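# A structural walkthrough
Residues per chain are reported as follows:
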Amino acid sequence: DTAVSQTPKYLVTQMGNDKSIKCEQNLGHDTMYWYKQDSKKFLKIMFSYNNKELIINETVPNRFSPKSPDKAHLNLHINSLELGDSAVYFCASSQAGRAVYFGPGTRLTVL
Amino acid sequence: QQQVKQSPQSLIVQKGGIPIINCAYENTAFDYFPWYQQFPGKGPALLIAIRPDVSEKKEGRFTISFNKSAKQFSLHIMDSQPGDSATYFCAAFYSGGYQKVTFGTGTKLQVIP
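Only a predicted model underlies this, so the values are computations on that prediction, with no experimental measurement involved.

## Quick word on the overall build of chain B
In terms of helices and strands, chain B carries zero helices and eleven strands. Starting at the N terminus, the α and β elements of chain B follow one another as β-β-β-β-β-β-β-β-β-β-β. In summary, chain B has a C-alpha radius of gyration of 13 Å against a globular reference of 13 Å for 113 residues, a match within 12%. For chain B, the spread of C-alpha atoms along the principal axes amounts to about 45 × 30 × 20 Å. Among the 113 residues that make up chain B, the fraction classed as buried is 45%. For chain B, long-range pairs separated by at least 24 residues make up 54% of all intrachain contacts whose partners lie at least 6 apart in sequence. If you sum the accessible surface of chain B, you get close to 5500 Å²; carbon and sulfur atoms cover 49% of it. For chain B, the centre of its 11 positive side-chain charges and the centre of its 7 negative side-chain charges are spaced 5 Å apart.

## Describing a nonpolar patch on the surface
Where nonpolar side chains cluster on the molecular surface, the patch consists of B:I18, B:I20 and B:M78 and spans about 230 Å² of accessible area. Counting through the fold element by element, B:M78 comes out in the loop between β8 (72-77) and β9 (86-92).

## Observations regarding the packing of aromatic side chains
For the structure on display, the rule yields 18 aromatic pairs over all chains. Taken together, a centroid distance of 6.1 Å and an interplanar angle of 90° make the contact between A:F90 and A:F102 edge-to-face. Taken together, the residues A:F90 in strand β9 (residues 87-94) and A:F102 in strand β10 (residues 101-102) connect sequence positions twelve residues apart. Linked through ring pairs, A:Y33, A:Y35, A:F90, A:F102, B:Y36, B:F89 and B:F103 together constitute an aromatic cluster. The ring of A:Y10 carries A:K9 above its face, with NZ or CZ at 5.8 Å from the centroid.

## Some words on the pattern of salt bridges
Per the counting criterion, the structure on display carries four salt bridges over all chains. B:K57 is the partner of B:E59 in a salt bridge, and the nearest nitrogen-oxygen pair spans 3.6 Å. Among the residues examined, B:K57 registers a relative accessible area of 31% and is labelled partly exposed. A salt bridge links B:R61 to B:D84; its shortest N-O distance comes to 2.8 Å. Of this pair, B:R61 sits in the loop between β6 (56-59) and β7 (62-67) while B:D84 is found in the loop between β8 and β9, placing the two residues 23 residues apart along the sequence. For B:D84, a relative accessible area of 5% translates into the label buried. Salt bridges sharing common partners tie together A:R63, A:E82 and A:D85.

Cut-offs applied
Residues numbered from 1 in each chain as written. Chains lettered and ligands numbered in written order. Predicted model: local features only at pLDDT ≥ 70, side-chain atom pairs only at ≥ 80, totals over all residues. Heavy atoms only, no water. Helix = DSSP H or I, 4+ residues; strand = E, 2+ residues; numbered from the N terminus. Rg over C-alpha atoms; globule rule 2.2 N^0.38 Å. Buried < 20%, exposed > 50% of the residue type's maximum accessible area, 1.4 Å probe, protein only. Contact = heavy atoms within 4.5 Å. Areas by Shrake-Rupley, 256 points an atom, 1.4 Å probe, with all protein chains shown as cover. Lys, Arg positive; Asp, Glu negative; His and termini not counted. Charge placed at Lys NZ, Arg CZ, Asp CG, Glu CD. Patch = residues over 30% accessible without salt bridge, like charges linked within 9 Å, V, L, I, M, F, W, Y side chains within 5 Å. Salt bridge = Lys/Arg side-chain N within 4 Å of Asp/Glu carboxyl O. Phe/Tyr/Trp six-rings, centres within 6.5 Å; stacked < 30°, edge-to-face > 60°. Lys NZ or Arg CZ within 6 Å of the ring centre and 35° of its normal.

Okay, structure coming up:
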């Protein structure tokens, strides 16, 4: 009965590789997000999708490309990974006007 | 531009104490103020939230106090327990549009037995 799930939980990869993180929510929410949490615990929004449409795109390198095949899924693909991309990435979802619910996070380590 | 300022950065209290975490916001359009609790290795979990039409909200041992004129809100944890040790984030957003949630910088709370 997981609300927001994401895979994988851990991702260790070499610089220059391409990787994807998958996210699914079963809450029936219409908005999904990707957040990045750095080593200092700062939470920063990267993208937001509402009903599969991109509505928030913060200043994120275009190596990051989100894709939303349907309302319940939002994936994140990262090309040409760099050391600075190491962080914890959280998927989240919400219904209009209500609080955001987070997934368990994916810890990405770029070597 | 930091739109939600949170303090303190870290806090140590003894079991039974009442830690207080403060947040101040700038954008008067914000109308929804949640607090999140994050344990190591987990995602932030919604703890309690308030709208600016009330000055206080309690849920169990957690209380939010809200001061609209000062644009400040705070989290109080009554009878704190070691299990409350976590990082706490305040947040704010305008619920009428697409929620671009702005988070505070987090407060690491340690409750010692």
